[in-house]
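# Commentary on secondary and tertiary structure
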Amino acid sequence: MKKELLLLTFVINSLLLNAQAWEEKCISCSTIDARSVKPFDLNNDGYQDLLVYAVYDHDIVWYKNNGNGTFGQFRIIGNSLNTPTSIHATDLDNDGDLDVLATSIGDNLVCWYENMGNDEFGPIQIISNTEEFPYSIYSADFDNDGDQDLVCASKNSDRISLYINNGSGIFGASQTISTSADGANTVYSNDLDGDGDMDILVSSEWDNKIA
């Protein structure tokens, strides 16, 4: 009985300790219909900034990390997308900083914004406006030439498409990887079989499939 009481006391104390270890710090309480937040060092200062999109505001914004657990006021990267659905950051033009990728289902856009340095981003650059409900995007070097290519999942066409980067952020025509992902909603890439090249992971909600 004594051992059981000691164990119960230990469990309760552990739970209380864990409960006290977390403290909410509101970075923004006014981002209407915020859907995604991802950490990236967007200004090359060694701190993870926050990349966010908000559906209602049609905005892609970022919050600069001050380096002490606080963040500055949001800065707009793009605000002309009709229903953004996915964001990602990678160096698309090989200049050493992270550019921002986005998809938008309201206007079927796959696009990117060039990181100009000095905490500024350039205007929208359209990669494609013919994807049917582009729902997710990810980058990797699929052809092993040293630059970042793109893979996109389009929900209404069940299509996984590949865009090859020529090395300066200009992309070739889409190449179809698959048209059998019924309701494709997530795409990701990694070397799954250890052969040195990048494979593609997909989830699709209407056929309950992960492939």
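Residues numbered from 1 in each chain as written. Predicted model: local features only at pLDDT ≥ 70, side-chain atom pairs only at ≥ 80, totals over all residues. Heavy atoms only, no water.

## Notes on the overall build of the chain
- In terms of helices and strands, the chain carries one helix and 15 strands.
- If you line up the chain on its principal axes, its C-alpha atoms span 70 × 40 × 35 Å.
- Classification of the 211 residues of the chain by burial places 41% in the buried group.
- Long-range contacts, defined here as pairs at least 24 residues apart, represent 33% of the contacts in the chain between residues at least 6 apart.
- Carbon and sulfur atoms provide 52% of the accessible area of the chain, an area that totals close to 11500 Å².
- The distance from the centre of the 10 positive side-chain charges to the centre of the 34 negative ones in the chain is 14 Å. (Helix = DSSP H or I, 4+ residues; strand = E, 2+ residues; numbered from the N terminus. Buried < 20%, exposed > 50% of the residue type's maximum accessible area, 1.4 Å probe, protein only. Contact = heavy atoms within 4.5 Å. Areas by Shrake-Rupley, 256 points an atom, 1.4 Å probe, with all protein chains shown as cover. Lys, Arg positive; Asp, Glu negative; His and termini not counted. Charge placed at Lys NZ, Arg CZ, Asp CG, Glu CD.)

## Considerations on the sheet that holds strand β6 (residues 99-104)
- Spatially, β5-β6-β7-β8 is the arrangement adopted by the four strands of the open sheet, whose pairing is antiparallel. The outermost strands of the open sheet, each flanked by one partner alone, are β5 (84-90) and β8 (120-128). On average, each strand axis in the sheet is tilted by 20° relative to the strand beside it, whichever way the strands run.
- One ladder, built from six bridges, connects β5 with β6; its direction is antiparallel. Looking across to β6, one finds that Ala 89 is bridged to Val 100. (Pairing = 2+ DSSP bridges. Axes fitted to C-alpha atoms, helices over the stretch in contact; angles between N-to-C directions.)

## Some words on the pattern of salt bridges
- One pass over the full model with this rule turns up six salt bridges.
- Where Arg 159 meets Glu 131, a salt bridge forms, and the shortest distance between an N and an O atom there is 3.2 Å. Of this pair, Arg 159 sits in strand β11 (residues 159-163) while Glu 131 sits in the loop between β8 and β9 (134-140), and the two are 28 residues apart along the sequence.
- When its relative accessible area of 16% is taken as the criterion, Arg 159 is described as buried.
- Taking relative accessible area as the criterion, Glu 131 reaches 2% and is therefore assigned buried.
- We note a salt bridge from Lys 155 to Glu 205, for which the minimum N-O separation is 2.6 Å. Of the two residues, Lys 155 is situated in the loop between β10 (149-154) and β11 and Glu 205 in the loop between β14 (199-204) and β15 (209-210); the sequence distance between them amounts to 50 residues.
- For Lys 155, a relative accessible area of 10% puts it in the buried group.
- A residue is classified by how much of its surface remains accessible, and Glu 205, at 36% relative accessible area, is partly exposed.
- A network of salt bridges, in which partner residues are shared, links Lys 64, Arg 75 and Asp 119. (Salt bridge = Lys/Arg side-chain N within 4 Å of Asp/Glu carboxyl O.)

## Description of the confidence of the model for the chain
- Averaged over every residue, the pLDDT of the chain is 90; the share at 70 or more is 91%.
- Predicted confidence is poor over residues 1-12, with pLDDT under 50, and the contacts of this stretch with residues over four places away or in other chains come to zero contacts. (pLDDT = per-residue confidence, 0-100.)

## Let's talk about the state of the cysteines
- Throughout the structure, instances matching the rule amount to one disulfide.
- The disulfide partner of Cys 26 is Cys 29, and the S-S distance across this bridge is 2.0 Å.
- The partly exposed category is assigned to Cys 26, whose relative accessible area is 43%.
- By relative accessible area, which is 71% here, Cys 29 ends up exposed. (Disulfide = S-S within 2.5 Å.)

## As for the environment of Phe 74
- By the secondary structure assignment, Phe 74 is in the loop between β3 (59-63) and β4 (75-78).
- Along the primary structure Phe 74 and Val 61 are separated by 13 residues, whereas in three dimensions their C-alpha atoms are 6.1 Å apart.
- In this structure Phe 74 touches Val 61, Trp 62 and Tyr 63, once residues within four positions along its chain are discounted.

## Focus: the pairing of β14
- Strand direction decides the pairing type here: strand β13 (residues 184-190) and β14, joined by six bridges, are antiparallel. Bridge pairing in β14 places Asn 190 opposite Asp 199.

## As for the packing of aromatic side chains
- Under the defined criterion, the tally for this structure stands at three aromatic pairs.
- Summarising the aromatic geometry, the rings of Tyr 138 and Tyr 188 are spaced 4.3 Å apart at their centres and angled 35° between planes, so their arrangement reads as tilted. Separated by 50 residues along the polypeptide, Tyr 138 in strand β9 and Tyr 188 in strand β13 bring together distant segments of the chain.
- For Lys 155, the ring lying beneath its charged end belongs to Tyr 135, and the centroid distance is 4.4 Å. (Phe/Tyr/Trp six-rings, centres within 6.5 Å; stacked < 30°, edge-to-face > 60°. Lys NZ or Arg CZ within 6 Å of the ring centre and 35° of its normal.)

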